[in-house]
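As a plain string of letters, each chain reads:
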Amino acid sequence: MNEQIIARHWLALIAPKAAPALATSTVLILARIWNAKGAEHSIGNAVLMAALSLAAATAGVCASIGRAGDPVIAGTAFAASGGLALAGVAGYADGTSLPLLLWVLATAAAYGLAARYWRDDRRTRVAYERHVSDRREERAHIEHVETIRATTQIEVARTGAAYAEQLAQALITRAALPGFDAQALASAGLPELPSFSTGKEY
């Protein structure tokens, strides 16, 4: 059975693993640019980011305890809340120590949450590959059995055809022998064989 081989690019392999670090790094860089543009010690900007972060966290709580209980929406809301909080602190603070500390903590938290989904995805993928492998082995076994059965039937049919051809040739040869007397064979108790040339019994 031929299998299609798909070689994925190395960037496609490492992109999901680097996504949390890229996300938190992008938030930190944009927040520091915002800090340099006038957000440093701006009470209004800090209040705005705090309100947005609390709103996102509230949305995450509502999504997690609601009737639907959608974990994707809840995770997205909590991630947005953490990103807004990081952006607010990084934009308001005058130094880089606190923003870098929060960036490390946010990156670690993001990888901790992502590891759970990666583990579930890996389990699902392994279970699917195992199921496909079992189905493939079962089909290969069925194909092997059917091949053996078909080969056996072909050999039986070929042997039967060869036997029929030999029997017909023996009948023709027997009828062509000089001095052949079918009546003598019948009186001796031997069975009469039909002739394939005339269709009559001797």
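Quantities reported herein were computed from a predicted structural model and do not represent experimental measurements.

## Regarding the overall build of the chain
So, point 1. A tally of regular secondary structure across the chain gives five helices and zero strands.
So, point 2. Taken from N to C terminus, the helices and strands of the chain fall in the order α-α-α-α-α.

## Describing the layout of surface pockets
So, point 1. If you add up the space inside the largest pocket, you get close to 680 Å³.
So, point 2. Lining the largest pocket are 25 residues, and of these Gly-75, Phe-78, Ala-79, Ala-110 and Leu-113 lie nearest its centre.
So, point 3. Counting only elements with at least two residues in the lining of the largest pocket, the list comes to helix 1 (10–39), helix 3 (71–92) and helix 4 (97–176).
So, point 4. Per element, the largest residue contribution to the lining of the largest pocket is eleven residues, and it comes from helix 3.
So, point 5. Per-class residue counts for the lining of the largest pocket are 19 nonpolar, five polar and one charged.

## Things to note about the side chain of Thr-24
So, point 1. Relative to the helices and strands, Thr-24 resides in helix 1.
So, point 2. Owing to a relative accessible area of 9%, Thr-24 belongs among the buried residues under this scheme.
So, point 3. Separated by 2.8 Å, the side chains of Thr-24 and Thr-107 make a polar contact.
So, point 4. The residues touching Thr-24, leaving out its near neighbours within four places in the chain, are Leu-86, Trp-103, Ala-106 and Thr-107.

## Description of a positive patch on the surface
So, point 1. Judged by side-chain charge, Lys-17, Arg-116, Arg-119, Arg-122 and Arg-123 come together as a positively charged surface patch.
So, point 2. With four residues, helix 4 is the largest single contributor of residues to the positive patch.
So, point 3. Inspection of the secondary structure assignment puts Arg-119 in helix 4.
So, point 4. Note on Arg-119: relative accessible area 35%, which makes it partly exposed.

## Concerning the nonpolar core
So, point 1. Leu-28, Ala-31, Met-49, Ala-87 and Ala-90 form the largest nonpolar core, which has five residues in total.
So, point 2. At the level of elements, helix 1 and helix 3 are the ones that each hand at least two residues to this core.
So, point 3. The residues contacting Ala-90, other than those within four sequence positions of it, are Leu-28, Ala-31, Arg-32, Asn-35 and Pro-99.

## With respect to the pattern of salt bridges
So, point 1. A complete count under the given rule lists three salt bridges for this structure.
So, point 2. With a shortest N-O distance of 3.4 Å, Asp-121 and Arg-125 are connected by a salt bridge. Here Asp-121 pairs with Arg-125, and both are found in helix 4, just four residues apart, close to one helical turn.
So, point 3. A relative accessible area of 41% places Arg-125 in the partly exposed class.
So, point 4. In this structure, the salt-bridge partner of Glu-155 is Arg-158, at a minimum N-O distance of 3.3 Å. Placement of both Glu-155 and Arg-158 in helix 4 is noted, with a separation of three residues, approximately one turn of the helix.

## Considering helix 2 (residues 43–65)
Because each turn of an α-helix spans 3.6 residues, side chains separated by three or four positions in sequence point in the same direction.
So, point 1. The first and last C-alpha atoms of helix 2 sit 33 Å apart over 23 residues, in line with the 33 Å expected at 1.5 Å per residue.
So, point 2. Inspection of helix 2 places Met-49, Ser-53, Ala-56, Gly-60 and Ala-63 among the buried residues, and these make up the whole buried set.

## Observations concerning the packing of aromatic side chains
So, point 1. This structure, assessed with the given rule, holds one aromatic pair.
So, point 2. Between Tyr-111 and Trp-118 the ring centres are 6.1 Å apart and the planes differ by 65°, which places this aromatic pair in the edge-to-face class.
So, point 3. Residue class for Tyr-111 comes out partly exposed when judged on its relative accessible area of 27%.

## Comments concerning a nonpolar patch on the surface
So, point 1. Residues Ile-29, Leu-30 and Ile-33 make up a contiguous nonpolar surface patch of about 300 Å² in total accessible area.
So, point 2. When its relative accessible area of 52% is taken as the criterion, Ile-29 is described as exposed.

What counts as what
- Residues numbered from 1 in each chain as written.
- Predicted model: local features only at pLDDT ≥ 70, side-chain atom pairs only at ≥ 80, totals over all residues.
- Heavy atoms only, no water.
- Helix = DSSP H or I, 4+ residues; strand = E, 2+ residues; numbered from the N terminus.
- 1 Å grid on protein atoms, 1.4 Å probe; cavity = no way out; pocket = protein on both sides within 12 Å on 5 of 7 lines; lining within 4 Å.
- Points joined across faces, edges and corners; volume = space filled by probe spheres on them.
- Nonpolar A, V, L, I, M, F, W, Y, C, P; charged D, E, K, R; others polar.
- Buried < 20%, exposed > 50% of the residue type's maximum accessible area, 1.4 Å probe, protein only.
- Polar contact = N/O pair within 3.5 Å; in protein donor to acceptor, adjacent residues only side chain to side chain.
- Contact = heavy atoms within 4.5 Å.
- Patch = residues over 30% accessible without salt bridge, like charges linked within 9 Å, V, L, I, M, F, W, Y side chains within 5 Å.
- Areas by Shrake-Rupley, 256 points an atom, 1.4 Å probe, with all protein chains shown as cover.
- Salt bridge = Lys/Arg side-chain N within 4 Å of Asp/Glu carboxyl O.
- Lys, Arg positive; Asp, Glu negative; His and termini not counted.
- Charge placed at Lys NZ, Arg CZ, Asp CG, Glu CD.
- Core = buried A, V, L, I, M, F, W, Y, C linked by side-chain atoms within 4.5 Å.
- Expected span 1.5 Å × (residues − 1).
- Phe/Tyr/Trp six-rings, centres within 6.5 Å; stacked < 30°, edge-to-face > 60°.

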